[in-house]
Each structure stands twice: as structure tokens, then as C-alpha cells.
Amino acid sequence: MLIRATQLCLRRSLSTARVLKNSNVSVEASQNDVVSFYDAKVINYATRPIRPVTLKELIRFGQPPLSEQSLTQCAHYARTELPVRLAMRVRAFQNLPFIVGTNPHIKDIYRLYFESFDSLEKYSDLPENDNGSDLEFAEKLKDLVERHADNIPTLARGFLECKKYMNTKDMTAFLDDMIHARIGIRLIAEQCISLIHASKNESEDQRRTSYIGIINTQLSPAKVIHHCADFVTELCEFNYGEAPEFIINGHVDTTFTYVPVHLEYMLTELLKNAARATVENAKKNKKPIPPVEVSISHGSRDIGIRVRDQGGGVKPNDLNHIFEYSYTTVKNEETEDSNIFSGITRLAMQSGVGGPIAGLGFGLPLARMYARYFGGSMTLLSLNGYGCDVFLKLKHIDESLGQLEI
Amino acid sequence: MPANWQQRRHNTAAPKSFYHNEVLDRYVDQSVNPNTIRQLVFYGRHMTDDRLIDSANYVRTEITIRLAHRIRDFQKLPFIVGTNPHIERIYRMYWEAFEKIRQYPAIKTLEDNEHFCDLLNGLLDDGLFVIPELALGATECTGFIAPASFDRFMNTMLRSRISRRVIAEQHLAITANHNTAWDEEGYIGIIFTRCCAREMAEMCVALSSQHVLKSHGRTVNVIIDGSARNEAVFAYIPEHIEYILYELLTNSIRHSVECENSETKTVRLTIAQNKTDILFRVSDNAGGISNEVFKTLWSYSSAPNDFKKFKNIKKMGGSMAEREKQAVDERLGFGLPMSKVYAEYWGGELSVLTMDGFGTDAYVRIPRLGNQAENLTLDEIDEAEYSNRSDTALLSTNGYSTRPSALVSA
């Protein structure tokens, strides 16, 4: 478990190391290599209307028994829709102030989106029943999802550097759109990949019958909490030498329909914050480490998860800003560590599943965006001087959300 | 409509003529002067005859102005609401009080002050009728006014009512102290300078437990924990905090007791403190609040029980002790909104969050430095902005204040 965690951290931190190292490299040479002003392809796609898919359809695509027809429909939808959405992201970048667009990190991501758009675009005009290319398409998608994994940290770094060139409102609007769109694109892409692979591999499909693509219809919050808590505990012990106990109570046997990777991201973020605050606070006051309590509720409309800690709370001044991008209460320490593990685990401690965010302040806003994506919410209550309660409310992905558009 | 409504219409101290309202205008044009606890304490500490007389005159003019503002609020209600017999009765009461105190001559001697205090006492007693009447009016007017508007009206009314009681009771108390030359230890009027969070909590726990025991035959375990040391003292009006804690604890204990396996339920009261605030959290695992009920938690006009029970309750006390004396098993439905008004009065907050199927958590923040002015009116908030707040049903924050929250972020 720890090896996997370290590998994860290593990969993430290496990509950050690359990002951090390149921050001063000049990139004039590549100024003209992304999109020519006269290239109409992007505009062509970006001005097409988005065809949102409802959650109901997304689930229906993958409802067993998987039929040739529904898979074809799903693949066709992804092939025609994704280039449009990617093109819109490219346009969004093109609308950033010029100086911001020349920032190397932001440019990196811009280039990535353009290339992704470019590589998928040729699939979009293929006829619907061209099954041969579906597998190839799925492989391409997988590759792209992989390459886009660290978008957020890179963007975070870029925007931090551009703070004086862009006002907060515009930056927030760009990032909100960006992240919201990204979640949707990934959802469609991963659902498609998962279904195509499932249809080619029947036995695996039978094993995980509770899954419809990347949606798990019998997701157990308690299991995910345990999993994330274990991860956070190891990270904490590595970083601080000790970790708080996680107490899980409430409706521990309940299950609901949700996207596991979303839940995992949110919980890891919240448990990390709780653990970090708890341990640092206890050490500061030379007291024994109190536990972190996680309670689960299964209500008629939603699932509730409350993370309760005694980590000292959030100061009123910080409270209004914790959900802002690039706002962080983490102090930037100079890293003079000789121990490679401590460096990485410290980074990981301050990071999200999406990559090291070394105190760049994206963890909470991102987690909240995930919570809100399917109509849920995240609320933080601070008893300043004592601790925090964070309430995560997630709607069941079921018939009632059927009309929700992705 | 009651048979004698025609008669009642003319039997009033309210202005019979539209033009008589001018007398009100003069006072509405004057602004209220909010106090802070520090100011009240400072003033009350070094009492002399002259200062007492000054205080009496301050109370006289200030209450007149505050009453005038509220009467104006009544006048802005939709006409049909204003004709509701209950609302109308309160409106008349307000006019009577306004005229009485407006026409009272300036106080010049200690003897004048004594008479003035009698008047104040009378007004305070009359005021006890206000809440039940308003509640009955509220439920009858549901169709005629937007819930958000009515809630705003009610909050302003209750806030102002507390404010008038505060300055009246404060004056009565310092008069009494001045006369007897006996100082109740630590008290400056009705402000106790040595409030201790833990002691107040323990008392409220005991009282609310008893209350539920009386009405339901059993109670549940209430644990007090948290970081507040016994010696953390601050200046406040204890009844305000006690009202809130009593309400929250009673709700939690009662809901716990009504659960199927109530022996396993516990209520937890956590006390916390920092340099600027005292914080309380009442936590239960009594099953939580359903979405439909939660949406109307702070509303006066869409409470599930429709306030019908108010018909049986003529007088409703504004202090915890008074409430406790009343019929113990009456669920009146005003407790939570009133608690919020009390919490926000000196710049604090009250929030309630719930996990449907599991339990409920209520959070109270009380400023402890005594430097927050009374939160009196909502005039500065745009009507439109106010009515948009009704759909943040998930969240009950510092209600109607434009100040950023020091408790919640969402």
C-alpha cells in the first residue's frame, strides 16, 4: 500500500519537478507552433452547439445487457461530441489575456488541449457504424486521459505566476468553466472507454456487475472512507511520525450510485485536511492526538458524509477565502531535505489525487466542484480554536437526476 | 372574521386619519442609536443621580424612535395583511405604546424617573402578548404575502422587540441598583460581567433535561465537552445565551427521546473559545431533519404546525425562565427563529446543519469582547437580495446580515 502511494507520489512529484524546473525557461521558439491565426478548424468545431448527454442516457448506454447498438451509440456520441468540447476549451484559452497566454505553464496546457482536439477530430466524421475504429478510438482516449491527468497543478502554477495580470473574477470564471468542462469531458471519455473495453471482455464485465462504465451502482461510502483513511494515515505517519485515528460511524452499511473516483478525490482531500490540522494542532499544544470522526447518513434525497476534527478550526479571515483558487493556509517551507521520501510525502500531503498542489490552494475548490457537479454541496463549519466540521452532501445518481445534463 | 370586527376597527389608538401619520414621520426620520455591551457596561459602572436621569431620557427618546420605525414597517405590509385581526391588534398596541412614551414629559428628577419606570414596566408586560399574536397572524396571512417578505418583517419586529426590552430592562435594573445601593455581584444592570460558558451550559443542560423528562417521561444523556476552561469569562446578557442553548438542547433531547432506540442516543454539547468568540455546538444522532422540514426551519409563515397552538397561549415570555413555566409539551415553532434573532443580536451567528437519517448539528457563535453594536434593522439590505436567500435551503447562516460569516463557508 505504501509502495503504491510512494509510486503515485513519485510520479506526481516528478511531473511537478519538471513544471517547477521549467518555470524560467524561455519558450519564444514555440510561440507560433500551436495554432496559426488563420487555422479555421478550431473555430469550426468550437462554434458547433454542445449536445449535452443526460445522466440517464449515459447510464443507459452501459446498462446490461450491453448491446452492440448502445455501444455504437455511445462511441458515436463521444466521437462527435468530444472534439466540440475540446475545441471550446481551446477557444477559452485563446480568449485569455495575451500575456497570460504566453506563460509557459498555461501554454503547455493550451497546447495539450489543442493536440487532443486535433487527434480526435479525425474520428468525428466517421460513419456511426464504423466499429473497427472504436477500439482504436478508445485507446486514443485512454492515452489522452492519461496525458491530461496533471492539468490542474500546471494551470495552478501558471495562474499563480499571472496573478498580477488577471483579475480574480475573470480567473475564477475561467477556472470554474475549465474544471466543470473537464469533469464532463472525462466522464464521457471514461464511460466510453470503460464500455468499449467491457464489451470486448465479457468475463470481467460479469465480475463487476455493479458497475455501469465508471459509475458504481453499489458504492459503499464506508469502504471508500476506509480506503482513503488508510492512505492518509500512512502519509501522515510518514510526514509527522503519527496520525489521528479515524472513527467511522452512522449508516456504515449503506450503498448508493456514484462515480467512485469523484468520491475518492473529495474524501482524500477532506481527510487530509482534517489529519494535517489535527496533528499540527496537537503538536503545537503538546496534547495527545484526538481522533477524526467521519459520519455517514443515508437520507431520502442524498448521502451525507460529515468529517469532524479537533484541528483548531479555521480563522475567520481565512474562512471567506478557503474556497478560492490559489488561496492557501499552508506556509511555504524551503525544501532542504536530504530525504527524498520526506520531500515527496510532504508534497503529497499538500496535494490532491490530481497531482501535487504543494500549497497552491486548489484542493478545496476542486473538491467542492466535484461535489456540486451532480447537484451536491460541500459546507465547512469552523469552531475557531477547536476544530472543523465539513459536510459533504451527494445526491443519489438515480432517476431523479435523470435529466441532469453533462 | 370575528363578529365585532367592525367595532374593533374604530376602537383604536391608531391614527384615524392618514394625515395624522405625520407625527410618526418626525420620529422615523431620526436614526436609531445602537449600543454595544461595552458602552452599556461603562455607562452603568459609575452611576450618579444625573447619569440615571440622562439614562431615563435616553430610554424615552430611543424607544420612541425604535417604535416609530417598527410602526412604519407595519404600514408597509400589504394592506390585506394589515387588516388581519391579529396583526392589527399588535399594530394598535404599538401605536398605544408609541403615543404613551412619545407624550411622556422629559424626566428631570429621581421621582420622575420612578414614575417613568412604572410606565416602562407596564409596557414590558403588554409586550408579552406580541409573539403569540404575531404568530397567529403569520399563519393566517400565508397566502397574502411572500414568505421571504414576511420573514423579514418578523425578524425585524423581534429584533426590535428585544432591543426595546434590553434598554428598558437595563434602565430598570440600574435604577433598582441605584436605589438599593446593593450591587448584585458582577451585574451591571442586566449585563453579567462574569458570564462563564461552561456554567451556563451546565445549567441549560440540567433545565432542558428536566423539561423533557417532565413532558416525555424520560431523557437522554447529554455530554459536555470542548476546550473552554472554567475561568473563561466575558460580559453578556445571560438570558440571551440561555434562551438559545435551552432551545437547541430541548430540540435535540426531545428528538432523541422520540427515537425508537432512545437509550442509545446521546446529545453532545461542545464548548469552544478563541480571543473573539465563544462557540457552542449541539450535536445529536436523533435521525436528522427531512428536506421538506429543513427548508422551512427559519420561516415564520410555513412552519409545519401552523402555530395553531398559539391560540391557547396568551402570553409568551422572552426569557428562558418564563418559557419554562409554560405548558411544557407545547411545541410552538418559534423557538428556532427567535434563537437566531438572539444569536445575531450582538453580532453573533446561529447555523443548523443536518444529515437526514442520522442527526443534526447546531452551531452558535457569540462575540465575547462586547464591542459589536446591536443588530437592529435590515434597512441597508436590498429587498431583492433578501428574497433570494430563501433558496439556499441547505444552509442557515448569519441570516440577514451582510457581514461575512466567521462560522460557515460553503
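Just so we're clear, the structure is a prediction, and the values are computed from it rather than from any experiment. For every chain, the first residue of the written sequence is number 1, and numbering continues from 1 onward in sequence order. Chains carry letters from A onward and ligands carry numbers from 1 onward, assigned in written order. The model is predicted, so local features are restricted to residues of pLDDT at least 70 and side-chain atom pairs to those at 80 or more, both for listing and for counting; the totals for chains, interfaces and linings are taken over all residues. Side-chain measures were taken over the full set of non-hydrogen atoms in the model, leaving aside hydrogen atoms and water.

*Asks:* Residue-level account of the overall build of chain B, with values.
*Replies:* To qualify as a helix, a DSSP run of H or I must reach at least 4 residues; to qualify as a strand, a run of E must reach at least 2; elements of each kind are numbered from the N terminus. Counting its regular elements, chain B contains 15 helices and 9 strands. What makes two residues a contact is simply this: any of their non-hydrogen atoms within 4.5 Å. Of the contacts made within chain B by residues no fewer than 6 positions apart, 80% connect residues no fewer than 24 positions apart. Here the Shrake-Rupley method, with its probe set to 1.4 Å, supplies the accessible areas, and only the displayed protein chains count as covering residues. Per element, the accessible surface of chain B, about 17,700 Å² overall, is 52% carbon and sulfur.

*Asks:* Explain the overall build of chain A residue by residue, including any values.
*Replies:* Summing up its helical and strand segments, chain A has 15 helices and 8 strands in all. Residue exposure (1.4 Å probe, protein chains only): buried if accessible area is under 20% of the type maximum, exposed if over 50%, otherwise partly exposed. Put simply, chain A has 406 residues, and 54% of those count as buried. Summed over all atoms, the accessible surface of chain A reaches about 18,500 Å², with 51% contributed by carbon and sulfur.

*Asks:* Account for the side chain of R254 of chain B, naming residues and giving values.
*Replies:* All names here are of chain B. Within the fold, R254 resides in helix α11 (residues 238-257). Lacking a salt bridge, the buried R254 has E258 as its closest oppositely charged neighbour, with an N-O distance of 4.5 Å. A distance of 2.9 Å separates the side chain of R254 from the side chain of N251, its partner in a polar contact. Lys and Arg are tallied as positive, Asp and Glu as negative. Neither His nor the chain termini are counted. Whenever Lys or Arg places a side-chain nitrogen within 4 Å of a carboxyl oxygen from Asp or Glu, that contact is recorded as a salt bridge. What qualifies as a polar contact is a pair of N or O atoms within 3.5 Å, subject to a donor-acceptor requirement within protein and to the restriction that residues adjacent in sequence count only when both atoms come from side chains.

*Asks:* Give me the lowdown on the sheet that holds strand β1 (residues 211-212) of chain A, citing residues and values where you can.
*Replies:* Residues and elements named next belong to chain A. We call two strands paired when DSSP finds no fewer than two bridges between them. Across the sheet, 3 strands lie side by side as β1-β2-β4; this open sheet has antiparallel pairing. A single partner strand is all that each edge strand has here, and the edge strands are β1 and β4 (256-258). Here strand β2 (residues 215-219) runs beside β4; their pairing, made up of 2 bridges, is antiparallel. What sits directly across from N216, in β4, is Y258.

*Asks:* I'd like to hear about the packing of aromatic side chains, residue by residue, with values.
*Replies:* Stacked, edge-to-face and tilted labels apply to pairs of Phe, Tyr and Trp rings (six-membered ring for Trp) whose centres lie within 6.5 Å, assigned for plane angles under 30 degrees, over 60, and everything in between, in that order. Counted according to the given criterion, the structure contains 22 aromatic pairs over all chains. On the basis of an interplanar angle of 90° and a centroid distance of 5.1 Å, the ring pair of Y345 of chain B and W346 of chain B is categorised as edge-to-face. Cluster of aromatic residues (ring-pair linked, three or more members): F93, Y110, Y113, F159 and F174 of chain A. Lysine and arginine charges are scored as sitting over a ring when NZ or CZ, respectively, is within 6 Å of the ring centre and within 35 degrees of the ring normal. Lying over the aromatic face of Y45 of chain A, R48 of chain A brings its terminal NZ or CZ to 4.0 Å of the ring centre.

*Asks:* Please set out the state of the cysteines residue by residue, giving values where relevant.
*Replies:* Residue and element names in this part refer to chain A. Count a disulfide wherever a pair of cysteine sulfur atoms falls within 2.5 Å. In total, this model carries 0 disulfides over all chains according to the counting rule given. We note that C192 lacks a disulfide partner, and the nearest cysteine sulfur, in C74, lies 4.3 Å from it. Owing to a relative accessible area of 1%, C192 belongs among the buried residues under this scheme.

*Asks:* Talk me through the pattern of salt bridges; I want residue IDs and the actual numbers.
*Replies:* Within the structure shown, the criterion is met by 25 salt bridges over all chains. The closest approach of N and O atoms between K41 of chain A and E121 of chain A, which form a salt bridge, is 3.7 Å. Placement of K41 of chain A in helix α2 (residues 41-46) and of E121 of chain A in helix α6 (residues 104-121) is noted, with a sequence separation of 80 residues between them. A salt bridge links R306 of chain A to D361 of chain B; the shortest N-O distance between them is 2.6 Å. In this pair, R306 of chain A sits in strand β6 (residues 302-308) while D361 of chain B sits in strand β8 (residues 359-367), so the two residues belong to two different chains. Shared partners join several salt bridges into a network, and the residues in it are E293, R306, R308 and D389 of chain A together with R281 and D361 of chain B.

*Asks:* I'd like to hear about empty space enclosed by the protein, residue by residue, with values.
*Replies:* Residue and element names in this part refer to chain A. Residues are said to line a cavity or pocket when one of their atoms sits within 4 Å of a point; the points come from a 1 Å grid over protein atoms alone, cavities being sets where a 1.4 Å probe fits but cannot get out and pockets being open sets with protein on both sides within 12 Å along at least five of seven lines. Grid points are joined across faces, edges and corners, and a volume is the space filled by probe spheres set on the points. Applying the stated rule across the entire model yields 6 cavities of 30 Å³ or more. Estimated volume of the largest cavity: approximately 160 Å³. Looking at the largest cavity, it is lined by 14 residues, and the ones nearest its centre are L86, L144, V145, H148 and I185. Residues are grouped as follows: nonpolar covers Ala, Val, Leu, Ile, Met, Phe, Trp, Tyr, Cys and Pro; charged covers Asp, Glu, Lys and Arg; every other residue, Gly included, is treated as polar. Across the lining of the largest cavity, the residue classes tally to 9 nonpolar, 3 polar and 2 charged.

*Asks:* Can you break down the environment of P52 of chain A residue by residue, with the values?
*Replies:* Residue and element names in this part refer to chain A. On the secondary structure map, P52 appears in the loop between α2 and α3 (55-61). On the basis of relative accessible area, P52 is assigned to the partly exposed category, the value being 36%. Between the alpha carbons of P52 and L364 there is a distance of 27 Å; along the sequence they are 312 residues apart. If we skip the residues at most four places from it in the chain, P52 touches E57, Y77, R85, E405 and I406.

*Asks:* Lay out the interface of chain B and chain A in plain terms, naming residues and giving numbers.
*Replies:* Each partner contributes to the interface: chain B provides 30 residues, whereas chain A provides 34 residues. Regarding the contact of chain B and chain A, the summed buried area is about 2,600 Å², with carbon and sulfur atoms giving 56% of it. Take the accessible area each of two parts loses on contact, using a 1.4 Å probe, and add the two losses: that sum is the buried area. Contact with chain A buries surface across chain B, with M355, F358 and S409 of chain B losing the most and accounting together for 23% of the total. Counting across the chain B and chain A interface gives 3 salt bridges. D389 of chain A serves as the salt-bridge partner of R281 of chain B, at 3.0 Å between the closest nitrogen and oxygen. Summed over the shared surface of chain B and chain A, the result is 14 residue pairs in polar contact (both at pLDDT 80 or more). At the level of secondary structure, the elements contributing two or more residues to the side of chain B that touches chain A comprise β3 (221-226), β5 (266-273), β6 (277-284), α12 (291-295), β7 (349-355), β8 and β9 (408-409) of chain B. If one sorts the elements of the side of chain B that touches chain A by residue count, β7 of chain B sits on top with 4 residues. Grouping the amino acids of the side of chain B that touches chain A by side-chain chemistry returns 13 nonpolar, 12 polar and 5 charged. As judged from the 2 bridges shared by strand β7 (residues 377-383) of chain A and β9 of chain B, these two strands associate in the antiparallel manner. For L381 of chain A, the partnering residue across the bridge sits in β9 of chain B and is V408 of chain B.

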